[in-house]
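These are the residues of each chain, in order.
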Amino acid sequence: MILHCLNNFLPNHVAGIEVYVLNLCKLDVASNYVLITGKENLRYEIEGVKVFVIVEDNEFLKNVSKIISSINIDTIHYHLFEKGKLFEELTLIEFKKKNLKLVFTFHLVQYYCSTLRFKQNNLKNCTVVANADSCAKCYFETFYKPKYPKFLRNYFILNQFQLFVKVKNHFESSIQEVKSTLHSFEIIGNLFDELITINPAFYEKLNTHSHLKNKLKLISPDFAEIKKKEIQLNTIKLIFLGRIETSKGIDNLIDFAKKMNNENIEIDLYGQIYDQKYSIENFNSYSKSSKTKLNYKGTLAPFEVIEVMRNYDYLIHPSQIAEMTPLVIKESFSVGLPVIGNDIFGINTYVINGINGWLLDFNNIKESVDFFNDLLSGKKKLGTHYAADE
């Protein structure tokens, strides 16, 4: 039996580590147990998966040991990296004493820069996030160009500076997360029996650490065979699944819809609204001002995602954030739904132009409009199926 360990387990996510683990549990009856840490000891069940919440107090190891014994656990599979008793070296050593197999899956995001500015400027030495200040400046210039009239810009300069500091802090946090995780695995990697990554590029990075090399395992997303996608009646139905916020490319979607202004393209958005500048009323007003409709459809429970996807022609994924492996892409492929995504790390690892989707520069609205016009006219067509080795 396998016990999966992660930092939270929420039933209302449309993607992320929680859904990844939930799907793992559904695929394997022997792994339908999840352990998380919390403020009180709890047990509950979600979609057939049994969840244990354990308080990190003096009784922590004793309580975890009881769970392990009661359901005959033989493997502990970590999906988190956080300070606390669950991940500290003493806990790992205790698990090893019980002859438990220890597995860790890397879910680190934003290891690579999330903007296309580096590609545009051919700054090849900047492919990896390494300096929070320079990365923040580039990100800020790319996505937060002041649109105020010149005579008002000084008035907003403080807010712009505050926003820059926020972005810089974000990059510092991402960089520290990567460095601390790699540093920790240089020290305690020997305690794990298997280290899994779900992204080929990150696998190559970890493979440079000699003492981790023999434990590394790469799991790539499956590519489902599909019939050739035909556009019926020159219409395209697009689905967006994810958080409704700037970093997910929502501003680019809005600008694209306005510029496209074609009634034969419709975009439905599903996900929780994280950024207060977006609202149902705003999306309604965007739709009124353009023939290309943007319809906000609310949130989906994990078990609804796959069925809803079947009603669309393409998944549109304009995210500006580099990710290890966007789970929504794997979900899309599982139902034979091609992906039209931003050409950045994480997305371009799996989307192959003309085979299982298309890669665009969603910051270039004209390019996006031209692409969809070609798609509508039939100039752009996908291959007959997805294949991992093609």
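See the structure shown above.
Residues numbered from 1 in each chain as written. Predicted model: local features only at pLDDT ≥ 70, side-chain atom pairs only at ≥ 80, totals over all residues. Heavy atoms only, no water.

With that out of the way, let us pick up the pattern of salt bridges. Pairing between side chains of opposite charge can happen when their charged atoms approach one another. Per the counting criterion, the structure on display carries eight salt bridges. Lysine 101 is the salt-bridge partner of glutamate 194, the closest N and O atoms lying 3.7 Å from each other. Of this pair, glutamate 194 sits in strand 7 (residues 194–197) while lysine 101 sits in strand 6 (residues 101–106), placing them 93 residues apart in sequence. Classification of glutamate 194 as buried rests on a relative accessible area of 18%. Across the pair aspartate 370 and lysine 366 runs a salt bridge whose closest N-O atoms are separated by 2.9 Å. (Salt bridge = Lys/Arg side-chain N within 4 Å of Asp/Glu carboxyl O. Helix = DSSP H or I, 4+ residues; strand = E, 2+ residues; numbered from the N terminus. Buried < 20%, exposed > 50% of the residue type's maximum accessible area, 1.4 Å probe, protein only.)

For strand 6, the tally of buried residues reaches five of six residues, placing the bulk of the element in the interior. Of the pairings in the sheet, the one linking strand 5 (residues 75–78) to strand 6 comprises four bridges and is parallel in character. What sits directly across from threonine 75, in strand 6, is lysine 101. Relative to strand 7, strand 6 is paired through four bridges, and the arrangement is parallel. (Pairing = 2+ DSSP bridges.)

Bringing unusual backbone geometry into the picture now. Although it is not a glycine, asparagine 99 adopts a positive phi angle of roughly 60°. Along the polypeptide, asparagine 99 turns up in the loop between helix 3 (89–97) and strand 6. Its identity is not glycine, yet asparagine 261 carries a phi of approximately 50°, on the positive side. Of note, asparagine 261 is situated in the loop between helix 9 (250–260) and strand 10 (265–270).

Pairing between the strands of a sheet is mediated by backbone hydrogen bonds and can be parallel or antiparallel. The strand order across the open sheet built from six strands is 11-10-9-12-13-14, with neighbouring strands paired in parallel fashion. The open sheet has two edge strands, strand 11 (293–296) and strand 14 (357–360), and neither has a second partner. Geometrically, the sheet is characterised by an average inter-axis angle of 25° between neighbouring strands, direction not taken into account. Relative to strand 14, strand 13 (residues 339–342) runs parallel, the two sharing four bridges. In the sheet register, isoleucine 340 faces strand 14, and the bridge partner there is tryptophan 358. Packing against the sheet, helix 10 (residues 280–288) makes contact with strand 10 and strand 11, and its axis sits at approximately 160° to strand 11. (Axes fitted to C-alpha atoms, helices over the stretch in contact; angles between N-to-C directions. Contact = heavy atoms within 4.5 Å.)

Quick look at the packing of helix 2 (residues 60–70) against helix 3 now. Interaxial distance between helix 2 and helix 3 falls to 12 Å at its minimum, and their mutual angle equals 35°. In the crossing of helix 2 with helix 3, the sense of the turn from one axis to the other is right-handed. Residues Phe60, Leu61, Val64 and Ile68 of helix 2 pack against Thr91, Glu94 and Phe95 of helix 3. Among the residues making up the contact of helix 2 with helix 3, the classes are represented as five nonpolar, one polar and one charged. (Left-handed = near helix turned anticlockwise from the far one by under 90°. Nonpolar A, V, L, I, M, F, W, Y, C, P; charged D, E, K, R; others polar.)

In this section: helix 11 (residues 302–309). Since there are 3.6 residues in each turn of an α-helix, residues three or four apart along the chain are aligned in direction. Within helix 11 the residues assigned to the buried category are Pro302, Val305, Val308 and Met309. Axial view of helix 11: buried residues confined to an arc of 110°, hence all on one face. Among the exposed residues of helix 11, those pointing more than 90 degrees away from its buried face are Phe303 and Glu307. (Arc of directions from axis to C-beta.)

Moving on to the side chain of asparagine 63. Among the secondary structure elements, asparagine 63 is positioned in helix 2. Those residues in contact with asparagine 63, other than ones at most four positions away along the chain, are Asn41 and Ile54.

All right, on to the packing of helix 11 against helix 12 (residues 327–334) then. Axis separation between helix 11 and helix 12 bottoms out at 9 Å; the angle between their running directions is 50°. Between helix 11 and helix 12, the angle falls in the class oblique. Seen from above, helix 11 lies across helix 12 with right-handed handedness. For the pair helix 11 and helix 12, contact is made by Val305, Ile306 and Met309 and by Val328, Glu331, Ser332 and Ser334, respectively. (Parallel < 35°, antiparallel > 145°, perpendicular 65-115°, else oblique.)

Pairing within the open sheet is mixed, and its eight strands lie in the order 3-4-2-1-5-6-7-8. Strand pairing shows two members of the sheet lacking a second neighbour, strand 3 (42–46) and strand 8 (216–218), which therefore form its edges. Pairwise comparison of adjacent strand axes, ignoring direction, gives a mean angle of 25° for this sheet. With respect to the sheet, helix 2 is in contact with strand 2 (33–38), strand 3, strand 4 (49–55) and strand 5, its orientation differing from that of strand 4 by roughly 160°. Where helix 3 meets the sheet, its contacts fall on strand 5 and strand 6, and the angle it forms with strand 5 comes to roughly 155°.

Time to look at the packing of aromatic side chains. The tally for this structure, following the rule as stated, stands at nine aromatic pairs. Three or more aromatic residues joined by ring pairs make a cluster, and in this case those are Phe256, Trp358, Phe371 and Phe372. Across the ring face of tyrosine 312, the terminal group of lysine 237 is positioned such that the distance to the ring centre comes to 5.1 Å. (Phe/Tyr/Trp six-rings, centres within 6.5 Å; stacked < 30°, edge-to-face > 60°. Lys NZ or Arg CZ within 6 Å of the ring centre and 35° of its normal.)

Our next topic: the pairing of strand 10. For strand 10, a buried count of five out of six residues is recorded, marking the element as mostly surrounded by other parts of the structure. Judged from the six bridges that link them, strand 9 (residues 236–241) and strand 10 form a sheet pairing that is parallel. Its bridge partner being in strand 10, isoleucine 239 is matched across the sheet by aspartate 268. With respect to chirality, the unit in which strand 9 leads through helix 9 into the neighbouring parallel strand 10 is right-handed. (Right-handed = clockwise from strand over helix to strand, strands pointing away.)

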